[in-house]
Amino acid sequence: MSAQCSEGLPAIDVRSLVASFDGEQLLADLDALGAIGWKPGAGLQRLAYGDADLEARRWVLTQMQALGMQAWIDPAGNVIGHLPGSEPLPALAIGSHTDSVPGGGKFDGALGVLAGLACVRTLRSQDVQLRHPLLLIDFAAEEATTSASPTGSLSFVGGLTQTALDGPSWDGRSTVALLTDHGFNIAAMIANRPPMPIAAFLELHIEQGDRLASAGVPIGIVEGIVGIRRYYVHFQGQANHAGTTDMKRRRDALVMAAPFILAVREAAMTHGIVGTVGRIEVHPNTPNVIPGRVMLDVEIRGLDDAVLDRVEAILAVEAARCGGTLHPGHRKEPVLADPKLMEAIERGCEALGLRTMRMPSGAGHDAMNLAAICPYAMLFAPSEQGVSHAPDEWTQPHDCINAARALLAAVLEVDAMPDV
Ligand SMILES: [Zn+2]
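This one's a predicted model, so the numbers in the text were calculated from it and none came from an experiment.

Draft legend 1. Fine view of the state of the cysteines. Under the counting rule described, the total for this entry stands at 0 disulfides. We note that cysteine 119 lacks a disulfide partner, and the nearest cysteine sulfur, in cysteine 349, lies 12 Å from it. Just so you know, cysteine 374 is unpaired, no disulfide at all, and the nearest cysteine sulfur is the one on cysteine 119, 17 Å from it.

Right, dumping it as structure tokens:
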């Protein structure tokens, strides 16, 4: 199968180009990058803007330059590599991040960046020039280790604010202090913009769940990044002596809250979303006093606003039925992927004989910031046992290679789309 070309130029044959893809080099790159900031027994410690993170970024920059890309680091620390296109078109952008959580694994983010390098390596080795310029980006500080995460991609699209930077970072100081200590110019980060117009963004990332691995499907096509809604629920009972108060006369706030917690689980499961009570505060939280007051936080996540609205209504009714009150808190809208880009990824995978599965992303990614300036789509690679943000995070070597080949096929398909 060939990607169609708009102007009668010879189409690039997806299968034959991808056949020259060097999988062994990709695995060697994963090992080399994975060694930077790896602490035996403690996993990957490449915290945003820390020494290991900056070393990893310089390593990525060197790799881009070695492949003949024009490459630079922007004011937010994003490493950007550029390949010129053959036509005066906006760029196709690919990439992910290389920072980690404390005690992370070597695939989260890194696979997307290194797969991008592998795509560029293949294009260069076969002397193939895309119609669009190609930007490969290693976004800085994607993980929630600063107050403005994902910081690099937010700055890249012009969305970073001083207020967001004033909050705390992983090293205990403000994000501003962490950045200025490492030589970053805050005003330049806020004024940062994309270096050129961008037509589309494709991000390859590990799934961080076990749906692909348990279904035996090598590629996930992300339909969107889920919306998040949080609520505070307040149950007011009556604190009293735990030894002398008759069971029938008690107004135990924790007993009031218990059926509500189960109702959250039930509502989420019957609506195909996820729902969690992740924090609970019991007053006075003492063994010999009946709980007088309970505050808990509920979070629901899903792709469809209408479904989230329905679950929200159910939770309000359930809270009232249990004698509590539900108050809305933090809310983040779902960010849907572009249907035409999703189809382009599917065409690319079909050409390579790789099965795909559509799925939501329950975690945030750089792509959700890029969505502010261009359409986006994401590919997921399987995570063994669904483990991530942990040292034993693992994606099988053949899955890494297949996912990177799928990314290359998707780039070729999108490059050939006449309206991109
Ligand atoms: Zn990530």
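Draft legend 2. Expanded view of the coordination of the zinc ion. Distances from the zinc ion to its protein donors, namely His97 (NE2), Asp108 (OD) and His205 (NE2), fall within the range 2.0 to 2.1 Å. Counting the intervening residues between successive donors of the zinc ion yields the motif H-x10-D-x96-H. Here histidine 205 lies in strand E7 (residues 198-206) and aspartate 108 lies in the loop between strand E5 (91-97) and helix H4 (110-125), a separation of 97 residues in the sequence. The two residues aspartate 108 and histidine 205 agree in class, both being buried.

Draft legend 3. Examining the packing of aromatic side chains more closely. What the rule picks out here adds up to 5 aromatic pairs. Summarising the aromatic geometry, the rings of tyrosine 49 and phenylalanine 184 are spaced 4.9 Å apart at their centres and angled 65° between planes, so their arrangement reads as edge-to-face. On the criterion of sequence distance, the pair formed by tyrosine 49 in the loop between strand E2 (43-44) and helix H3 (51-66) and phenylalanine 184 in the loop between helix H7 (175-181) and helix H8 (186-191) is long-range, its members being 135 residues apart. By relative accessible area, which is 14% here, phenylalanine 184 ends up buried.

Draft legend 4. Main features of the domain arrangement of the protein. Structurally, the protein comprises domain 1 (14-225 + 334-416) and domain 2 (227-332). On a C-alpha basis, the centroid separation for the pair domain 1 and domain 2 is 37 Å. Taken together, the contact pairs 9 residues of domain 1 with 6 residues of domain 2. When the two sides are added together, the surface that domain 1 and domain 2 hide from each other amounts to roughly 530 Å², 65% of it contributed by carbon and sulfur. Scanning the region where domain 1 abuts domain 2 turns up 0 salt bridges. At the junction of domain 1 and domain 2, the tally comes to 1 residue pair in polar contact (both at pLDDT 80 or more).

Draft legend 5. Structural view of the sheet that holds strand E9 (residues 227-236). Across the sheet, which stays open at both edges, the 4 strands sit in the order E11-E13-E9-E14 with antiparallel pairing between neighbours. Since the sheet does not close on itself, it has two edges, and those belong to strand E11 (274-283) and strand E14 (324-332), each with one partner. Averaged over all pairs of adjacent strands, the angle between their axes in this sheet comes to 20°, without regard to strand direction. Relative to E14, E9 is paired through 7 bridges, and the arrangement is antiparallel. Bridging from a neighbouring strand, tyrosine 232 pairs with histidine 327 of E14. Taken strand by strand, helix H11 (residues 305-321) contacts E9, strand E13 (293-302) and E14, and its axis lies near 5° from that of E9.

Draft legend 6. A look at the environment of alanine 306. For alanine 306, the location among the structural elements is in helix H11. Residue alanine 306 is classed as partly exposed on the basis of its relative accessible area of 39%.

Draft legend 7. Examining the side chain of arginine 121 more closely. Examined against the element boundaries, arginine 121 turns out to sit in helix H4. Within the local environment of arginine 121, its side chain forms a polar contact with the side chain of aspartate 29, the two groups lying 3.0 Å apart. In this structure, arginine 121 is in contact with Gln25, Asp29 and Leu67, ignoring residues within four places of it in sequence.

Draft legend 8. Focus on the side chain of asparagine 78. For asparagine 78, the location among the structural elements is in the loop between strand E3 (70-73) and strand E4 (79-83). Here alanine 140 takes part through its backbone nitrogen, which lies 2.8 Å from a polar atom of the side chain of asparagine 78. At a separation of 3.0 Å, a polar atom in the side chain of asparagine 78 contacts the main-chain carbonyl oxygen of glycine 152. The contact partners of asparagine 78, leaving out residues within four places of it in the chain, are Trp72, Ile73, Ile137, Asp138, Phe139, Ala140, Gly152, Ser153, Phe156 and Asn192.

Cut-off values and rules
Residues numbered from 1 in each chain as written. Predicted model: local features only at pLDDT ≥ 70, side-chain atom pairs only at ≥ 80, totals over all residues. Heavy atoms only, no water. Disulfide = S-S within 2.5 Å. Donors = N, O, S within 2.8 Å, 3.2 Å for Na, K, Ca; no water. Helix = DSSP H or I, 4+ residues; strand = E, 2+ residues; numbered from the N terminus. Buried < 20%, exposed > 50% of the residue type's maximum accessible area, 1.4 Å probe, protein only. Phe/Tyr/Trp six-rings, centres within 6.5 Å; stacked < 30°, edge-to-face > 60°. Domains from an automatic or database assignment. Contact = heavy atoms within 4.5 Å. Buried area = accessible area lost by both parts, 1.4 Å probe. Salt bridge = Lys/Arg side-chain N within 4 Å of Asp/Glu carboxyl O. Polar contact = N/O pair within 3.5 Å; in protein donor to acceptor, adjacent residues only side chain to side chain. Pairing = 2+ DSSP bridges. Axes fitted to C-alpha atoms, helices over the stretch in contact; angles between N-to-C directions.

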